[in-house]
Amino acid sequence: MSLMTDPISQIAFALALFALGLSILKLLSTSRLTVLFGARWTKFKASMKPRMRELKFSLRRVKDSPLSIVGICIIAFFVAIALLAPVLARPEDPDDPYRIPRDGFSPTPRPPNENHRFGTTEGQFDIYYGVIWGTRTAFRVSIIVVGAALLIGLVVGSIAGYYGGIVDEIFMRITDIFLAFPYIILAMAFVTAFGASLDSVMKALIIVWWPSYARLIRAEVLSVREEDYVEAAKAVGGSDFRVITRHVLPNSIYPVLVMASLDMGAVVLVAAAMSFLGLGAPVGYADWGQMIGFSRNWIVGPPGNPLAYWYTVVIPGLFIFFFVLGWNLLGDAFRDILDPKLRRR
Amino acid sequence: MRSYIIRRLLLLIPVLLGIILLIFALLQLFDPYQRAALYVRDPKQMRDVEGIIEKYHLNDPVYVQFYYWISEVLHGNLGWSKSINMRVSDALFYFLPATLELFIFAVPLTILIGMRLGRISAVHRDKPVDHVTRGLAIAGYSLPTFWLGLMLLMVFYGFFSGLFPPERLGVAADAYVNSAAFTRYTRINTLDAILNGELWILIDALRHLVLPVITLTVVNIAFVMRIMRSSMLEALGKGYVVTAKAKGLDEKTVINKHAGRNALIPVITVAGYLVAGLMAGAVITETVFNYKGLGWWSVNAAIQLDIPAVLGFVLFIGTVVVITNLVVDLLYAYVDPRIRLG
């Protein structure tokens, strides 16, 4: 983090990455690889052909769906903010960039001015800085929670679905128990036990979230398990591990990806709610939910100017709302695009 | 039908047992001094924490602890909630009516509006109306509950101060409700007001309910709408709908009588999830509006590390959701014979 703090070298680095990506794409598009890798590449290309056709068809459906375009744009916008955070809001201490800088300790929020683009909250935390770095917090929380829940769900779900019988029965009864609770309520109990912090919130969310993935993956695996190609793979002597990872999972993963996309937003909603309630990030940590928590005593302005402190609640709230909206639009569009039942030609 | 009911009731046992085990596992994350409050019926007992630890074997192996804990739970003792100075079991029944009152208004609104929107969306599939309703639904789904609540507060408290106040009742109404002149039959304020024939209490209670109910409804509508839309789309593609159209029935009759009715069945199944969703929403809504119900109590308890209250609340919610799901499944089987016979 301390390495590249000045904006110019950061932009240069980003441009270099972009150029590298472009040249790789260029390389792939030419037939030079055929020369380099010979028959192997030709075979690979042939095997990819139907997949590419499917992908092209999917992309055309994306283009036809206005909602999915909006979703992609919103997410791209947030990715850009998260990547460019050190440029957009320079941290005072590069080693601790998530601490929101304070400008005094006065309890009364101050409206946007030239020093604080979006104003300050109670306790004079800079709102602009908080929402910019809060984007990174949001991505970190959602990626870690969804990633971990997905991984646990993948292992448990595929084992339960593939082997069936008593293993399946036990795993599914365990998930039943977790699914009897609304996420936020069970997570709240775990956070109380772990002690309020952002790490506790993430741990608690992983604990309450994995069963829904296990359930979904199990159901998908169950339906794929009986397919002929799985039988064939088993018949030629493929090990269980190979059959699951090479044949069963790739064919049951799409609904899981749709759910993961929807959950990226849902996780942030719950995590923000926890921080808002005072069970999440420590005071002064760049986190959207906490920023809204700061505004609770300043909802209604002084008589005659009821909206005096609007910026303390509206700005961080819009960030949460659009972040979640982006993922929901994306997930919803994916569902329509990938669902073979709705996939009309 | 009877054998189906028995089978479902038997399946309930392992899940309820699992919930109890989960709560017990959660309990083990705390140290014995924190846990002692779970065994207490009276705060005076807390003066002798060592004695409680001794008496309920809090330092003994897990299975010994489980025995002492479960026998307390089965005797209805969930401990002492220090955040409101009440027994947890009493507090549950003290706060339940407030949350129920929210649900009485929010559930029908959510279901009616959600189904209406889902149906419109399905009938006009891929038309602008469909895109707009779906867009709105996704937007409602993406709204942070607490933010929506705060925004409503900002607008209504700021511009119409006093029209929709926070908490459950105004000062005057609260004093009157707690006086001898008013009988609290159910502790559900609106219902009690009707039973007592006090119109002004009813109006006061309703005014306090408007904003929390709107908040709860908006964030849960999308869920019902989504199910209704896909279920309606499926029904519209069925053979009997095509037949009805082919024999020349007008569009309205086909949609209302043929597709609409059959599309209702899957919606019943979401009721269980809806209760869970509303409960999660109530936790936040009640906190934002300072509406003293179960959710408000649980959040306060979590912040003040009132462990018996948090665990008691979680146990209660888990049980309620499981039983709701059971009732829903039975209803579903009753409505749709294919389920119980299949």
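Model, not experiment: these values are computed from the prediction.

**Some remarks on the overall build of chain A**
Scanning chain A from N- to C-terminus turns up 14 helices and zero strands. Along chain A, from the amino end to the carboxyl end, the secondary structure elements read α-α-α-α-α-α-α-α-α-α-α-α-α-α. When each of the 345 residues of chain A is scored for burial, the buried share is 41%. Across chain A, every contact between residues at least 6 apart in sequence was considered, and the portion connecting residues at least 24 apart equals 69%.

**Section: the overall build of chain B**
In terms of helices and strands, chain B carries 15 helices and two strands. Taking the principal axes of its C-alpha atoms as reference, chain B extends roughly 80 × 55 × 35 Å. Per-residue burial for chain B yields a buried fraction of 39% across its 342 residues. When contacts within chain B are restricted to residue pairs at least 6 apart in sequence, long-range pairs at least 24 apart make up 71% of them.

**Some details on the packing of helix H7 (residues 165-179) of chain A against helix H1 (residues 2-27) of chain B**
It is at 9 Å that the axes of H7 of chain A and H1 of chain B come closest, and there the two elements cross at 65°. When the axis of H7 of chain A is compared with that of H1 of chain B, the two are roughly perpendicular. Every pair of crossing elements has a handedness; the one defined by H7 of chain A and H1 of chain B is right-handed. Facing Arg173, Asp176 and Ile177 of chain A of H7 of chain A, the residues of H1 of chain B in contact are Pro14, Val15, Gly18, Ile19 and Leu22 of chain B. Of the residues that constitute the contact of H7 of chain A with H1 of chain B, the class distribution is five nonpolar, one polar and two charged.

**Examining helix H7 (residues 145-159) of chain B**
Compared with an ideal rise of 1.5 Å per residue, which puts 15 residues at 21 Å, H7 of chain B spans 21 Å between its outermost C-alpha atoms and is within 8% of the ideal. Residues of H7 of chain B that are buried include every one of Thr145, Phe146, Trp147, Leu148, Gly149, Leu150, Leu152, Leu153 and Met154 of chain B, and no others.

**Quick word on the packing of helix H14 (residues 310-338) of chain A against helix H6 (residues 128-142) of chain B**
Where H14 of chain A contacts H6 of chain B, the axes come no closer than 8 Å and their chain directions differ by 130°. Of the possible angle classes, the one that applies to H14 of chain A and H6 of chain B is oblique. In this structure, the crossing between H14 of chain A and H6 of chain B has a hand that is right-handed. Across the interface between the two elements, Phe321, Val324, Leu325, Asn328, Leu329 and Asp332 of chain A of H14 of chain A pack against Ile138, Ala139, Tyr141 and Ser142 of chain B of H6 of chain B. Here the contact of H14 of chain A with H6 of chain B is built from residues that sort into seven nonpolar, two polar and one charged.

**Brief notes about the confidence of the model for chain B**
Residue and element names in this part refer to chain B. When the pLDDT values of chain B are averaged, the result is 88; 99% of them are 70 or greater. Of all helices and strands in chain B, the one with the weakest mean pLDDT is helix H15 (residues 337-341) (69), whereas helix H13 (residues 294-303) scores best (94). Scored as a complex, the prediction yields pTM 0.86 and ipTM 0.89.

**A few points about the environment of isoleucine 307 of chain B**
Checked against the element boundaries, isoleucine 307 of chain B lands in helix H14 (residues 307-335). Since 26 C-beta atoms lie within 10 Å of it, isoleucine 307 of chain B is described here as buried. A C-alpha to C-alpha distance of 47 Å links isoleucine 307 of chain B and leucine 233 of chain B, two positions 74 residues apart in sequence. For isoleucine 307 of chain B, the residues in contact, after removing those within four places along its chain, are Thr192 of chain A together with Phe30, Gln34, Ala37 and Leu38 of chain B.

**Comments concerning the interface of chain B and chain A**
Accessible area lost on assembly of the parts is the figure often given for the size of an interface. Contacts between the two partners involve 45 residues from chain B and, on the opposite side, 42 residues from chain A. Elements supplying a minimum of two residues to the side of chain B that touches chain A: H1, H6, H7, helix H12 (251-288), H13 and H14 of chain B. Classifying every residue of the side of chain B that touches chain A gives 36 nonpolar, nine polar and no charged.

**Some words on the nonpolar core**
Judged by nonpolar contacts, the single largest core of 181 residues is most densely connected at Ala187, Leu205 and Val270 of chain A together with Val314 of chain B. Considering every element that reaches this core, the biggest residue donor is helix H10 (residues 199-236) of chain B, with 17 residues. For leucine 205 of chain A, the residues in contact, after removing those within four places along its chain, are Val145, Ala187, Val267, Val270 and Ala271 of chain A.

**As for unusual backbone geometry**
With phi around 65°, glutamate 167 of chain B is a residue other than glycine that occupies positive phi space. Here glutamate 167 of chain B is to be found in the loop between H7 and helix H8 (171-177).

**Overview of the environment of valine 88 of chain B**
All names here are of chain B. Within the secondary structure, valine 88 is located in helix H5 (residues 88-123). Taking the C-beta count within 10 Å as the criterion, valine 88 has 29 such neighbours and is therefore assigned buried. Residues valine 88 and phenylalanine 313, spaced 225 residues apart in sequence, show a C-alpha to C-alpha distance of 8.3 Å. Not counting residues up to four positions away in its chain, the partners in contact with valine 88 are Leu78, Gly79, Trp80, Ser81, Pro308, Ala309 and Gly312.

**Focus on H5 of chain B**
The first and last C-alpha atoms of H5 of chain B sit 49 Å apart over 36 residues, in line with the 52 Å expected at 1.5 Å per residue. Largest kink in H5 of chain B: about 35°, centred on leucine 96 of chain B, with the proline proline 97 of chain B one to four residues after it.

**So, the environment of phenylalanine 103 of chain B**
Among the structural elements, phenylalanine 103 of chain B can be located in helix H5. C-alpha separation for the pair phenylalanine 103 of chain B and glycine 140 of chain B, spaced 37 residues apart in sequence, amounts to 19 Å.

How each quantity is defined
- Residues numbered from 1 in each chain as written.
- Chains lettered and ligands numbered in written order.
- Predicted model: local features only at pLDDT ≥ 70, side-chain atom pairs only at ≥ 80, totals over all residues.
- Helix = DSSP H or I, 4+ residues; strand = E, 2+ residues; numbered from the N terminus.
- Buried ≥ 20, exposed ≤ 12 C-beta atoms within 10 Å, placed from the backbone.
- Contact = placed C-beta atoms within 7 Å.
- Axes fitted to C-alpha atoms, helices over the stretch in contact; angles between N-to-C directions.
- Parallel < 35°, antiparallel > 145°, perpendicular 65-115°, else oblique.
- Left-handed = near helix turned anticlockwise from the far one by under 90°.
- Nonpolar A, V, L, I, M, F, W, Y, C, P; charged D, E, K, R; others polar.
- Expected span 1.5 Å × (residues − 1).
- pLDDT = per-residue confidence, 0-100.
- Core = buried A, V, L, I, M, F, W, Y, C linked by C-beta atoms within 7 Å.
- Bend = angle between axes of the 7 residues up to and from the residue.

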